[in-house]
Each structure stands twice: as C-alpha cells, then as structure tokens.
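Listed below, chain by chain, are the residues.
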Amino acid sequence: MHDVSAFPLQIAGDPAPMVSFRKVTKSYGALTVLDELDLDVKAGEMVSIIGPSGSGKTTVLRMLMTLEEINGGVIYVDGQPLTHMQKNGTLVPASQKHLRNRRADIGMCFQHFNLFPHMTALENCMEGPVQVLGLPKKEARERSEELLEMVGMIGKKDQHPSRLSGGQQQRVAIARALAMRPKVMLFDEVTSALDPEVIGEVTNVIRKLVSEHNLTMLMVTHQMGFARDISDRICFFYGGKIEEQGPPAELFGNPKKERTQQFLSAVKEAV
Amino acid sequence: MFDWKWDFTWEILPRLVQATGNTLLAALIGYVIAVVLGLILALAQRTPYSALTLIVREMVEFIRSTPLILQIFFVFYVGPQFGVRLSPWTSGMIAIGLHYACYLSEVYRGGIESVPKGQWEAATALNMTVAQKYRRVIIPQAIPPALAGMGNYLVGIFKDTPMLSVIGVAELIHTANAIGSENYRFLEPYTMVGIIFLAISLPAAGMIRLFEGYVRRKLGL
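Residues numbered from 1 in each chain as written. Chains lettered and ligands numbered in written order. Predicted model: local features only at pLDDT ≥ 70, side-chain atom pairs only at ≥ 80, totals over all residues. Heavy atoms only, no water.

## Thoughts on the environment of A:Arg62
Okay, so step 1: Inspection of the secondary structure assignment puts A:Arg62 in helix H1 (residues 57–64).
Okay, so step 2: Residue classification places A:Arg62 among the buried positions, given a relative accessible area of 12%.
Okay, so step 3: Residues A:Arg62 and A:Ala121, 59 residues apart in the sequence, show an inter-C-alpha distance of 24 Å.
Okay, so step 4: Those residues in contact with A:Arg62, other than ones at most four positions away along the chain, are A:Leu67, A:Glu68, A:Met108, B:Lys117 and B:Glu121. (Helix = DSSP H or I, 4+ residues; strand = E, 2+ residues; numbered from the N terminus. Buried < 20%, exposed > 50% of the residue type's maximum accessible area, 1.4 Å probe, protein only. Contact = heavy atoms within 4.5 Å.)

## Thoughts on the sheet that holds strand E3 (residues 46–50) of chain A
Residues and elements named next belong to chain A.
Okay, so step 1: With mixed pairing, the six strands of this open sheet are ordered in space as E8-E9-E10-E3-E11-E12. The open sheet has two free edges, formed respectively by strand E8 (106–109) and strand E12 (241–246), since each of these has just one partner strand. Across this sheet, the average inter-strand angle for adjacent strands is 20°, counted without regard to direction.
Okay, so step 2: Packed onto the sheet, helix H5 (residues 166–178) meets E8 and strand E9 (184–188) and runs at close to 175° relative to E8. (Pairing = 2+ DSSP bridges. Axes fitted to C-alpha atoms, helices over the stretch in contact; angles between N-to-C directions.)

## Re the sheet that holds strand E1 (residues 19–28) of chain A
Residue and element names in this part refer to chain A.
Okay, so step 1: Read across the open sheet, the four strands follow the order E2-E1-E4-E5; overall the sheet is antiparallel. Each edge of the open sheet is held by one strand with a lone partner, namely strand E2 (31–41) and strand E5 (80–81).
Okay, so step 2: With seven bridges connecting them, E1 and E2 associate as antiparallel partners. If you follow Lys26 over to E2, its bridge partner there is Leu34.
Okay, so step 3: The sheet strands contacting H1 are E1, E2 and strand E4 (72–77), and the helix crosses E1 at an angle near 115°.

## Here we look at the packing of helix H3 (residues 121–132) of chain A against helix H4 (residues 137–150) of chain A
Residues and elements named next belong to chain A.
Okay, so step 1: Remark: H3 packs on H4, axes separated minimally by 9 Å, with the N-to-C direction vectors making an angle of 130°. It follows from the interaxial angle that H3 and H4 lie oblique. Between H3 and H4 lies a crossing whose hand is right-handed. Judged by residue contacts, Ala121, Leu122, Cys125, Met126, Pro129 and Val130 of H3 engage Lys137, Ala140, Arg141, Ser144, Glu145 and Leu148 from H4.
Okay, so step 2: Looking at the contact of H3 with H4 residue by residue, the classes come out as eight nonpolar, one polar and three charged. (Parallel < 35°, antiparallel > 145°, perpendicular 65-115°, else oblique. Left-handed = near helix turned anticlockwise from the far one by under 90°. Nonpolar A, V, L, I, M, F, W, Y, C, P; charged D, E, K, R; others polar.)

## Notes on the confidence of the model for chain A
Okay, so step 1: Looking at chain A, pLDDT values average 92 and 99% of them are 70 or higher.
Okay, so step 2: Mean pLDDT per element in chain A: helix H9 (residues 258–270) of chain A is the minimum at 88, and H3(A) is the maximum at 97. (pLDDT = per-residue confidence, 0-100.)

## A closer look at the packing of aromatic side chains
Okay, so step 1: What the rule picks out here adds up to 13 aromatic pairs over all chains.
Okay, so step 2: Measuring from ring centre to ring centre gives 6.2 Å for B:Tyr100 and B:Tyr103, while their planes differ by 45°; the resulting arrangement is tilted. Of the two residues, B:Tyr100 and B:Tyr103 both sit in helix H4 (residues 88–113), three residues apart, roughly one turn of that helix.
Okay, so step 3: With a relative accessible area of 7%, B:Tyr100 lands in the buried category.
Okay, so step 4: Judged by relative accessible area, B:Tyr103 falls into the partly exposed class, the value being 21%.
Okay, so step 5: An aromatic cluster of three or more residues is present, and its members are A:Phe236, A:Tyr238 and A:Phe263. (Phe/Tyr/Trp six-rings, centres within 6.5 Å; stacked < 30°, edge-to-face > 60°.)

In structure tokens form, the structure reads like this:
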C-alpha cells in the first residue's frame with residue numbers, strides 16, 4: 001500500500017458523494033489496470049462505465065465490492081473510508097471487521113449471476129437477510145417475495161437456478177442483492193452472458209430501479225443504447241483512466257476525445 | 001467337496017455374526033472420526049496462516065505415505081512409552097480414523113476447489129463471514145462431487161478393519177483366526193469371513209451411488 005496519510009479521514013461536502021475513488025491504483029504485477037483513478041458518484045446517481053476490454057471497467061466495481069484489494073489511494077463510501085480505517089488520526093488498511101462493516105452498503109450483480117445452485121430463487125433472496133442481517137425468517141420471506149414480485153419472478157420462487165433461464169436467473173440475482181437494502185448497487189455486465197431475446201427483461205428491471213428507487217448505481221455495460229437511456233452520466237474508460245465523461249447526450253452525441261470517437265464508431269459498426 | 005463341513009459352519013456362525021457387529025462398529029466409528037476430522041484437516045489447509053497449512057499438509061502427506069498397520073502399532077505399542085496407554089479399541093479407532101481423515105481431507109479439498117470462484121464472490125457481496133461462506137455456500141456444493149470418493153473410503157475403511165486384529169480387537173479376522181486355531185480348521189471360518197465382507201461391501205457400494213443421486217436431486221444440482 002502506498003502512503004495514504006495525506007488523504008482525508010472522511011469525505012466532506014454537502015451532500016458528500018456516495019462513492020469516491022481518490023487516486024486509486026490497481027496493478028497485477030507490472031500491469032497497471034487502474035492508474036490513480038478519481039471518481040465521485042453522487043447519491044442517487046446512475047453512472048455507466050463503458051470502454052474497450054482491458055480498460056479497467058470491471059475492476060472499478062470489483063474493488064468497490066472489496067473483491068479486489070487496491071494498491072494505492074482510498075475508496076470512500078457514504079463519506080467514510082471503505083478500503084481503509086481510521087487509527088490514531090490517520091488512515092491504515094482496513095481490517096476484515098471494518099470491511100464487513102462498510103461492505104453492507106454495497107450490493108452487486110455479476111455477469112454470470114452466481115446464484116447459489118443448491119437454493120431456490122426464494123432461498124437465494126432470503127439467505128443474506130436471514131444469515132447476515134439476522135432478520136426473522138418471516139420478515140426475510142416477505143421482503144424477498146416483494147422483490148421477486150418486482151422483478152417478475154414470484155411465479156418461479158420455488159425453482160432452483162438450474163431450472164431458470166439466464167434472464168430469469170439474473171432477475172433473481174438482482175432481487176437477492178436488493179434484499180440486503182444496499183445504498184449502492186453495482187451491475188457488472190449483467191446482460192453480457194444473456195441470449196439477445198432475454199436482455200430486455202433484465203434491462204427493464206434496471207430501468208424500473210432507476211425510475212422508482214433512489215439507489216446509487218454503477219453499471220459496466222456494452223449496451224450503449226441502454227446506458228444512454230438510463231444513465232445520468234457516462235464514463236468512458238481507456239487504459240485504466242477515465243478518458244472522457246459527461247451526460248449521455250453529450251458523450252454519445254458529441255464526444256470530445258479522439259479515443260472516445262473511435263470507440264463509439266467501432267461499437268456503432270458492430271451493431 | 002474340499003471337505004467342507006456344514007455342521008461346523010453353522011456352529012461357528014453365531015461367533016462370526018457377533019464379530020461382524022464389532023467390525024461394522026469399528027468401521028462406523030472410524031468413519032465418523034475420519035469424516036469430521038478430514039473436514040477439519042481440509043479447512044485447516046485453507047486458512048491464511050501458512051505455517052498451519054504447511055504443518056497440516058506435511059502431516060497428511062506423511063500419514064498417506066506410510067502403512068496403516070504401522071500407525072496402528074505406533075499408537076498402541078509406542079504410545080505407552082510416552083505415557084499414553086490406550087485400549088486396543090481406542091488405539092485402533094484413533095489410528096484408522098486419523099488415517100482415513102487424511103485421505104478424506106483430499107477428497108474434501110477436491111470438492112471445495114470444484115466450487116466456482118463466482119460463488120465465493122457472491123457470498124462476499126452478501127457480506128457473509130468466512131464461516132457463513134463455508135457453511136451455507138461452499139460446503140453444500142463441495143459435498144456432492146466428494147460423495148463418490150467418500151463412499152469409496154467408507155468401503156475402504158470397512159475392508160481395512162481386519163488390521164485391527166493385530167492389536168487384538170475382536171473383529172472378523174481376529175475371531176476367524178481364533179476359531180481356526182481352536183479347531184484346526186481354517187477353510188470354513190475364512191471362507192465365511194470373505195462371504196460376509198462381500199455381502200456387505202457390494203450392496204454398500206450400490207447404496208452409496210443411490211444416495212449420491214438423491215443428494216444431488218435434493219440440492220437441485
């Protein structure tokens with residue numbers, strides 16, 4: 001870990017950003033995946049991350065979910081440091097206990113759903129609330145059924161994942177993450193492993209979340225049209241940095257940087 | 001035919017049946033020890049403490065590379081030199097339980113490693129503790145692929161119980177030996193022992209396969 005003594009103990013501001021990356025660096029050996037990334041996401045904001053493969057998009061989400069350790073900088077969630085904790089008035093790398101405390105604010109959906117195959121759809125959703133949050137089973141069941149209803153999966157609540165299509169599994173996975181009542185939701189290429197005809201059922205659920213809930217969301221996606229429709233802001237990643245960012249209309253309609261233009265025209269050709 | 005004596009066979013049968021009870025009991029106790037201890041050994045090799053991992057791994061390798069009979073002798077005959085005086089049964093159960101725990105730990109390890117990385121990540125995303133991850137997510141998925149191996153070792157431990165005869169545990173071989181030397185007839189007792197082992201091992205293997213299928217269906221895998 002690099003020296004983080006110069007970093008603020010907490011992020012101020014009114015309101016403080018829900019997520020802040022401050023000079024966050026991630027490397028695998030000699031390969032730098034993220035290079036001193038600075039990124040703020042406001043509460044309730046929907047930010048989509050686009051870019052060529054290997055640009056560090058997914059790594060941003062994985063670090064925020066604490067699935068990857070960072071090599072430098074600090075990540076803050078809701079004003080408080082996530083990757084670090086305060087000790088004697090300075091920041092030191094987070095302990096497992098601290099991570100468990102802070103991670104409760106974050107939920108994530110994965111490209112390959114990662115539902116628990118030995119549990120039904122309902123059991124998948126109840127698992128976190130019962131085991132981790134300590135909710136009574138009845139309450140967890142009500143909460144889970146409500147969410148399965150919302151994602152249109154209540155009719156299949158007693159099915160195991162192996163009996164569900166990819167789109168159905170992903171909708172259950174979204175319900176499972178929401179059942180933990182996170183403040184920040186992360187969507188990591190949630191439609192990339194889906195057959196084209198079922199992508200809509202998953203994007204519709206995310207649309208609904210955006211319009212009806214005040215969640216802070218970060219989404220890595222290859223669905224440019226979808227990102228343009230629902231995002232408050234688009235970040236175009238290139239080589240471990242944010243090459244360009246802005247409102248969807250601006251970034252898609254009038255990209256300033258040459259690399260953004262190249263990427264967008266390459267994507268357009270592919271469609 | 002071979003001078004087989006049926007009346008002698010019927011006469012010794014009750015003693016052999018009683019010894020079968022001891023053999024099954026020994027196999028069962030040994031297996032329970034092995035199943036529980038094996039899991040502990042498998043998990044101990046996955047802790048972040050590299051010294052513990054190394055010690056456990058070396059111990060498993062050592063026990064797997066030396067004969068069970070040596071381990072039985074060691075616990076029973078060498079133990080007393082260090083002030084550990086155990087009955088034949090206790091010594092036998094410790095030795096056989098530990099021996100098979102080492103084999104089972106490898107079976108568990110294979111099962112645990114077969115669980116996809118995404119399952120660990122999903123469990124982290126739900127903010128589970130390490131213990132919750134193992135208990136609720138990983139082990140339930142690691143057991144079904146391990147069941148075939150676990151079943152093989154159940155039959156294996158059953159067939160290895162005759163080793164306990166060397167320290168005087170009254171299981172089947174020990175009893176057959178006794179009957180043989182009392183009567184100067186070995187054909188009937190040894191043949192019967194073989195038939196008894198076969199009559200238990202074969203259906204057991206079949207039942208294990210049925211059980212494996214049942215568990216997989218039950219878990220929706």
